[in-house]
Amino acid sequence: MTFQRELDVARDLAWRAGQQSLMYMRQGVTAEDKYDDSPVTIADREAEKLFVAGLSAAFPEDGLMGEEGASKEAVGGRRWIIDPVDGTRDFVRKNRLWANLIALEVDGVVEIGVATFPALDEVYWGVRGRGAWRCSGSRTEQLHHSNITEIRKAVLCANRMQDGLIVPYSSKLLDFMSQFWAVRSLGGAMDAMFVCSGSAEVWLEPTCKPWDLAVLQVIAHGAGCRFFDYHGKDHIYGDNAVICTPALEGEVRKLLGI
């Protein structure tokens with residue numbers, strides 16, 4: 001299947017959710033703390049409602065899983081995975097690096113994914129087996145990882161640095177970081193897109209959920225990158241993730257001890 005209709009619907013809904021979210025950001029919102037101490041705002045909830053309404057109308061038998069509680073059993077193995085506002089901490093502080101994420105999983109495999117960064121006017125998308133793209137303004141380009149092969153010339157994106165002391169590789173992290181040309185920590189989805197678009201070579205995410213990863217996985221594969229969790233498995237249910245170039249996969253696996 002080409003999943004063209006699904007991609008068209010996903011891109012439309014992501015754009016609409018993004019514009020709605022952008023309006024809330026400009027107005028300013030107050031965050032509440034959820035059970036896991038992560039923040040949530042009216043923008044998260046309203047964006048998820050928009051996604052759910054659009055998907056239910058277009059694909060009424062498909063399942064749903066959303067960060068803010070959307071849940072529906074899948075019929076025929078199809079389930080949409082939604083992160084209505086990825087990077088709510090950035091969103092609340094009016095940092096422009098937040099995103100709206102939507103992906104379609106079929107029989108446990110993510111087939112398409114769309115990430116919009118409305119405050120940056122950028123959209124990324126991937127289709128399993130058919131590549132990944134970025135549209136920035138009026139320019140669309142296919143994504144591919146960088147050709148840098150030496151760690152001393154590479155850029156590392158390490159997310160959630162505040163958790164640096166509790167990750168399994170904490171004792172080796174500073175030494176690992178010191179080998180790179182530069183280290184960045186801008187936010188999960190944006191850092192991941194840096195690797196997929198050739199602006200960085202390694203992304204480490206120590207704490208995450210499937211809705212954080214579904215879109216990133218299919219875009220990473222489309223850009224020729226490696227995607228795996230901290231046990232070396234290529235799936236979105238490991239609660240952590242790596243995206244890296246093939247040339248630096250060995251260095252990352254050495255850090256993780258896998």
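It should be emphasised that the depicted structure is a prediction, and the values quoted were computed from it without experimental measurement.

Visitor: For helix α2 (residues 42–58), give the residues involved together with the corresponding values.
Guide: An α-helical segment advances 3.6 residues per turn. Residues three or four places apart therefore align on the same side. Look at α2: 24 Å from first C-alpha to last across 17 residues, which is about the 24 Å you get at 1.5 Å a residue. Considered for burial, the residues of α2 that qualify are Ala-43, Asp-44, Ala-47, Glu-48, Leu-50, Phe-51, Gly-54, Leu-55 and Ala-58. For α2, the angular spread of the buried residues around the axis is 155°, confining them to a single face. Every exposed residue of α2 that faces more than 90 degrees away from the buried side is listed here: Lys-49 and Ala-57. Tucked inside the fold, the buried residues of α2 contact α1 (4–27), β2 (39–40), β3 (63–66), β5 (78–86), α3 (88–92) and β6 (99–106). Put simply, Thr-41 is the residue that caps the front of α2, since its side-chain oxygen is 3.1 Å from the backbone nitrogen of Ala-43.

Visitor: Lay out the environment of Phe-51 with the relevant residues and their values.
Guide: Looking at the secondary structure, you find Phe-51 in helix α2. According to the relative accessible area criterion, Phe-51 is buried, its value standing at 0%. Between the C-alpha atom of Phe-51 and that of Lys-153, which follows or precedes it by 102 residues, the distance is 41 Å. Those residues in contact with Phe-51 that sit more than four places away from it in its chain are Leu-13, Ala-14, Ala-17, Ile-82, Pro-84, Asn-100, Leu-101 and Ile-102.

Visitor: With reference to specific residues and values, describe the nonpolar core.
Guide: If you look at the biggest cluster of nonpolar residues, it comprises 38 residues, and the most contacted ones within it are Phe-117, Tyr-124, Met-193, Cys-196, Trp-203, Ile-219 and Ile-243. Mapped onto this core, the elements with two or more residues apiece are β6, β7 (109–117), β11 (155–158), α5 (188–196), α6 (210–222) and β15 (241–244). If one sorts the elements of this core by residue count, α6 sits on top with eight residues. If near-sequence neighbours (up to four positions away) are discounted, Ile-243 is found in contact with Ala-192, Val-195, Cys-196, Glu-201, Val-202, Trp-203, Leu-216, Ala-220, Cys-225, Arg-226 and Phe-227. Counting residues in each nonpolar core, the second largest holds 25 residues, with Leu-13, Leu-64, Ile-102 and Val-127 among its members.

Visitor: Residues and numbers for the pattern of salt bridges, please.
Guide: A pair can form between side chains of opposite charge whenever their charged atoms are brought close. Here the structure, examined in full by the defined rule, presents 13 salt bridges. The salt bridge involving Glu-32 is made with Arg-45; its shortest N-O contact spans 3.4 Å. Of the two residues, Glu-32 is situated in strand β1 (residues 32–33) and Arg-45 in helix α2; the sequence distance between them amounts to 13 residues. Residues Arg-78 and Asp-62 are paired through a salt bridge, measuring 2.8 Å at the closest nitrogen-oxygen approach. One end of the pair, Arg-78, is in strand β5; the other, Asp-62, is in the loop between α2 and β3, and 16 residues separate them in sequence. Grouping residues by exposure puts Arg-78 and Asp-62 together as buried. Each of Glu-6, Asp-62 and Arg-78 takes part in salt bridges that share partners, so that together they form one network.

Visitor: Describe the state of the cysteines, listing the residues and the values that go with them.
Guide: With the rule as written, the count across this model stands at zero disulfides. This cysteine, Cys-157, is not joined by any disulfide, and Cys-196 carries the nearest cysteine sulfur, 10 Å off. The structure places no disulfide on Cys-225, whose sulfur is separated from the nearest cysteine sulfur, that of Cys-196, by 4.5 Å.

Visitor: I'd like a rundown of unusual backbone geometry, residues and numbers included.
Guide: Residue Lys-94 is not a glycine yet carries a positive backbone phi of 60°. Topologically, Lys-94 is positioned in the loop between α3 and β6. Positive phi is not limited to glycine here, since Asp-121 has a value of about 55°. Relative to the helices and strands, Asp-121 resides in the loop between β7 and β8 (122–127).

Visitor: I'd like a rundown of the sheet that holds β6, residues and numbers included.
Guide: The eight strands are arranged β4-β3-β5-β6-β7-β8-β9-β10 in an open sheet whose pairing can be described as mixed. Looking at the sheet topology across the chains shown, the edges are occupied by β4 (71–72) and β10 (139–142). With six bridges connecting them, β7 and β8 associate as antiparallel partners. Looking at β8, one finds that Ile-112 is bridged to Val-127. Running over the sheet, α2 touches β3, β5 and β6 and is turned about 155° from β5. Strand contacts of α6: β3, β5, β6, β7, β8 and β9 (131–136), with the helix running at about 100° to β7, the strand carrying the most contacts.

Rules and cut-offs
- Residues numbered from 1 in each chain as written.
- Predicted model: local features only at pLDDT ≥ 70, side-chain atom pairs only at ≥ 80, totals over all residues.
- Heavy atoms only, no water.
- Helix = DSSP H or I, 4+ residues; strand = E, 2+ residues; numbered from the N terminus.
- Expected span 1.5 Å × (residues − 1).
- Buried < 20%, exposed > 50% of the residue type's maximum accessible area, 1.4 Å probe, protein only.
- Arc of directions from axis to C-beta.
- Contact = heavy atoms within 4.5 Å.
- Polar contact = N/O pair within 3.5 Å; in protein donor to acceptor, adjacent residues only side chain to side chain.
- Core = buried A, V, L, I, M, F, W, Y, C linked by side-chain atoms within 4.5 Å.
- Salt bridge = Lys/Arg side-chain N within 4 Å of Asp/Glu carboxyl O.
- Disulfide = S-S within 2.5 Å.
- Pairing = 2+ DSSP bridges.
- Axes fitted to C-alpha atoms, helices over the stretch in contact; angles between N-to-C directions.

The quantities given are spatial measurements derived from coordinates; they are silent on function.
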